[in-house]
Amino acid sequence: MKKFVIGIAGGSASGKSTFSDNLEEALKPNSVKVFHMDSYFKKPEDRPRAAAPINGKIYMDDNHPTTMDLPKLAQDIEYYLKNGEAEIVIIEGLLTLWDENILKHLDLKLFVDCRADERIVRRLKRNMTWGLTYDQISDVYLDLVRYRHDEYVEPTKWRADFILNGSNPSETTLEMITTYVKEKIKSWNSL
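If you're wondering where the values come from, they're calculated on a predicted model, not measured in any experiment. (Residues numbered from 1 in each chain as written. Predicted model: local features only at pLDDT ≥ 70, side-chain atom pairs only at ≥ 80, totals over all residues. Heavy atoms only, no water.)

Points about the packing of helix α1 (residues 16–26) against helix α6 (residues 171–189)
So, point 1. Put simply, α1 and α6 touch, their axes get as near as 10 Å, and they point 50° apart. Between α1 and α6, the angle falls in the class oblique. Judged by the sense of rotation from one axis to the other, the crossing of α1 with α6 is right-handed. Between α1, through Phe-19, Asn-22, Leu-23 and Ala-26, and α6, the contact on the second element is made entirely by Leu-174, Ile-177, Thr-178 and Lys-182.
So, point 2. Across the contact of α1 with α6, the residue classes tally to five nonpolar, two polar and one charged. (Axes fitted to C-alpha atoms, helices over the stretch in contact; angles between N-to-C directions. Helix = DSSP H or I, 4+ residues; strand = E, 2+ residues; numbered from the N terminus. Parallel < 35°, antiparallel > 145°, perpendicular 65-115°, else oblique. Left-handed = near helix turned anticlockwise from the far one by under 90°. Contact = heavy atoms within 4.5 Å. Nonpolar A, V, L, I, M, F, W, Y, C, P; charged D, E, K, R; others polar.)

Set out below in structure tokens:
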């Protein structure tokens, strides 16, 4: 059975995971398998370190492609596409549209766009619940994350089939995508 594969990318705290969760729910009763790129972070000791462009401060670089085991994710996706049960596969993460080995499998490419000021506020709220301080979160964002966004994430927006509003997600967008995916699957199954 051919699976419909959806890729969802966007900046840190843009709303990728929220949209992915909402889409998974909206696609029911179709079966859905979700791959979250964040589940493929390497162990902290194996992640790259980088010097901030402005002040040279060294940070663990969690927004660089080598911080995640992208080859393992691509391998797991390929295995699932051959052997998995779900008819819809969602791949969600910062670099979903960046990695060629993931990109080649996508039937629908989505980019959740959200202004930088809103993403930093969301990131602050989220990461403070994890026990990080305001200064820790804002320093790494201003010193490194925003540069990685410009380098690796933002350019992939132009690979997307649709750019979604992460600041004001709409039911219309969710409904249109859900209808499109279900109709595609229906047409494939009728062949």
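Looking at the nonpolar core
So, point 1. Of all hydrophobic cores here, the largest spans 24 residues; its most connected members are Phe-35, Leu-73, Ile-91, Leu-95 and Ile-102.
So, point 2. The set of elements that each furnish at least two residues to this core consists of β1 (4–10), α2 (70–83), β5 (88–92), α3 (100–103) and α5 (134–153).
So, point 3. No other element matches the five residues that α2 contributes to this core.
So, point 4. In terms of nonpolar packing, the next biggest core, distinct from the first, is built from 18 residues, Ile-88, Leu-108, Val-112 and Ile-177 among them. (Core = buried A, V, L, I, M, F, W, Y, C linked by side-chain atoms within 4.5 Å. Buried < 20%, exposed > 50% of the residue type's maximum accessible area, 1.4 Å probe, protein only.)

Comments concerning the sheet that holds strand β7 (residues 162–165)
So, point 1. Ordered in space as β2-β5-β1-β6-β7, the five strands form an open sheet in which the pairing is parallel. Because the sheet does not close on itself, it has two edges, and the strands there are β2 (32–36) and β7. For this sheet the average axis-to-axis angle between neighbouring strands, irrespective of direction, equals 20°.
So, point 2. Bridge count for β1 against β5 is five bridges, and the pairing is parallel. Note that in β5 the partner of Ile-6 across the bridge is Ile-90.
So, point 3. Those strands touched by α1 are β1, β2, β5, β6 (108–113) and β7, and its axis lies near 155° from that of β1.
So, point 4. Along the sheet, α2 contacts β1, β2 and β5; its crossing angle with β2, the most-contacted strand, is approximately 170°. (Pairing = 2+ DSSP bridges.)

The quantities given are spatial measurements derived from coordinates; they are silent on function.
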